[in-house]
Amino acid sequence: MAGEHLLEEVGRFDGDAEILQAWRDGMAPEPALLVSEWADKHRVLGSRGSAEPGPWRTVRTPYLREIMDALSPAQAARRVVFMKGAQVGGTECGNNWIGYVIHHAPGPMLAVQPTTELAKRFSDQRIDPLVEETPAIRERVAPARSRDSGNRQLSKEFPGGQLVMTGANSAVGLRSMSARFLFLDEIDAYPGDVEGEGDPIALVEARPHLRLATEGVPRQHTDHRRPVADRA
Ligand SMILES: Nc1ncnc2c1ncn2[C@@H]1O[C@H](COP(=O)(O)OP(=O)(O)OP(=O)(O)O)[C@@H](O)[C@H]1O
Ligand SMILES: [Mg+2]
């Protein structure tokens, strides 16, 4: 069995079986969870950011399962678009994906809200609780209060990656990073033109591997914007 040859070299001793087992556990890859499975296993909703605090249960909002699972890296989808009504869990899909990325698929991730002000609010009300209430995430993101911790209002570092939050009204923020994962929340509220540089979604065209866009159902057909499928 793996590791036995090491014991042959150093000789057997008290507790050697436990040490070998701990070593094997450390070597074993993390189970390949889907994003919904990750959320059911690890995500805790805090009272600060959620209407229903407690452990996340996908059965509570079963229509989100397929959308979240399409965001699992092993899946074929590269672009996931969620056209949705109000308050149905669109942002939480993205939050679960963020938690999953931090824990199981670390890499650079950009989360865009319609404005920088909303990105700050998203950070305070949704991301800080996600970090604080979910033990697997808390272990990986430094506490906000420690100096030079890599945990700032609009950027959270974690082993193997970084989450940056920005507003669709900031050309600098959108251009600032080449993200592997891109979460575009509420794209219907993005400006058509950002600081004279054109479509904010085109500005983040850094060829991310995977992206999620949430968009409210258009209220009328006079919407000047291109269809969702062409935009995200
Ligand atoms: N499966 C769930 N279990 C418990 N609470 C949930 C679940 N899904 C969503 N919620 C809660 O429902 C509320 C609305 O979720 P969320 O903000 O993600 O919706 P949204 O579609 O992004 O809303 P909006 O249209 O305002 O952007 C939040 O308080 C969220 O925590
Ligand atoms: Mg939302």
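Computed from a prediction, not measured in an experiment: that's the story for all the values here. Once a new chain begins, its residue numbering starts again from 1 and follows that chain's sequence as written. Ligands are numbered from 1 and chains lettered from A, in the order in which they are written. This being a predicted model, a pLDDT of at least 70 is required before a residue's local features are given, and a value of 80 or more before pairs of side-chain atoms are given or counted; all residues contribute to the totals for chains, interfaces and linings.

Some details on the overall build of the chain
Inference 1: A tally of helices and strands in the chain yields ten helices and nine strands.
Inference 2: With C-beta atoms placed from the backbone, a residue is buried if 20 or more other C-beta atoms are within 10 Å of its own, exposed if 12 or fewer are, and partly exposed between those counts. The buried share of the chain, reckoned over its 232 residues, is 34%.
Inference 3: Each residue gets a C-beta atom placed from its backbone, and two residues are in contact if those atoms lie within 7 Å. A separation of at least 24 residues holds for 69% of the contacts in the chain among residues at least 6 apart in sequence. Each helix is a run of DSSP H or I of at least 4 residues and each strand a run of E of at least 2, with the numbering of both proceeding from the N terminus.

A word on the site of ligand 1
Inference 1: The immediate surroundings of ligand 1 are formed by 16 residues, with Ser50, Gly89, Gly90, Thr91 and Glu92 found nearest.
Inference 2: If you tally residues by element for the shell around ligand 1, the top one is helix H5 (residues 90-104), at three residues.
Inference 3: Residue classes follow a fixed rule: Ala, Val, Leu, Ile, Met, Phe, Trp, Tyr, Cys and Pro count as nonpolar, while Asp, Glu, Lys and Arg count as charged, and any other residue, Gly among them, counts as polar. The class makeup of the residues in the shell around ligand 1 is five nonpolar, six polar and five charged. Note on definitions: a residue is near a molecule or strand provided its C-beta atom, placed from the backbone, lies within 6 Å of it.

Here we look at the pairing of strand S9 (residues 210-216)
Inference 1: Among the seven residues in S9, six count as buried, and that is most of the element.
Inference 2: Two strands form a pair only when DSSP identifies at least two bridges running between them. Pairing analysis gives six bridges linking strand S3 (residues 79-84) to S9, with the strands arranged parallel. Its bridge partner being in S9, Met83 is matched across the sheet by Glu215.
Inference 3: Where strand S8 (residues 181-184) and S9 come together, four bridges link them in parallel fashion. If you follow Phe181 over to S9, its bridge partner there is Leu210.

Focus on the environment of Gly85
Inference 1: Within the secondary structure, Gly85 is located in the loop between S3 and H5.
Inference 2: A C-alpha to C-alpha distance of 8.4 Å links Gly85 and Glu215, two positions 130 residues apart in sequence.

Notes on the pairing of S8
Taken residue by residue, a regular strand's side chains alternate between the two faces of the sheet.
Inference 1: Neither face of S8 is left uncovered, since the one carrying Phe181 and Phe183 and the one carrying Leu182 and Leu184 both have all their residues buried.
Inference 2: Pairing of strand S4 (residues 108-113) with S8, which is carried by four bridges, proceeds in the parallel orientation. Bridge assignment links Met109 to a residue of S8, and that residue is Phe181.

With respect to the packing of helix H3 (residues 35-42) against H5
Inference 1: Close contact between H3 and H5 brings their axes to 9 Å; oriented N to C, the two are set at 85°. Viewed along their axes, H3 and H5 adopt a mutual orientation that is roughly perpendicular. Contacts between H3 and H5 involve Val35, Trp38, Ala39 and His42 from the former and Asn96, Trp97, Gly99, Tyr100, His103 and His104 from the latter.
Inference 2: Counted by class, the contact of H3 with H5 contains five nonpolar, five polar and no charged residues. Inter-axis angles, ranging from 0 to 180 degrees, are taken between N-to-C directions of lines fitted to C-alpha atoms, where helices are fitted over the stretch in contact. An angle below 35 degrees is read as roughly parallel, one above 145 as roughly antiparallel, one from 65 to 115 as roughly perpendicular, and any other as oblique.

A few points about unusual backbone geometry
Inference 1: In this structure, Gln87 takes a positive phi of about 60° despite not being glycine.
Inference 2: Examined against the element boundaries, Gln87 turns out to sit in the loop between S3 and H5.

Considering the nonpolar core
Inference 1: In this description, a nonpolar core means buried residues of the types Ala, Val, Leu, Ile, Met, Phe, Trp, Tyr and Cys, linked to one another by C-beta atoms lying within 7 Å. Residues Trp97, Ile98 and Phe183 are the most contacted members of the largest nonpolar core, which totals 49 residues.
Inference 2: The dominant element in this core, judged by the number of residues it contributes, is H5, at six residues.
Inference 3: The contacts of Phe183, once residues within four sequence positions are left out, are Gly94, Trp97, Ile98, Ala111, Val112 and Leu212.

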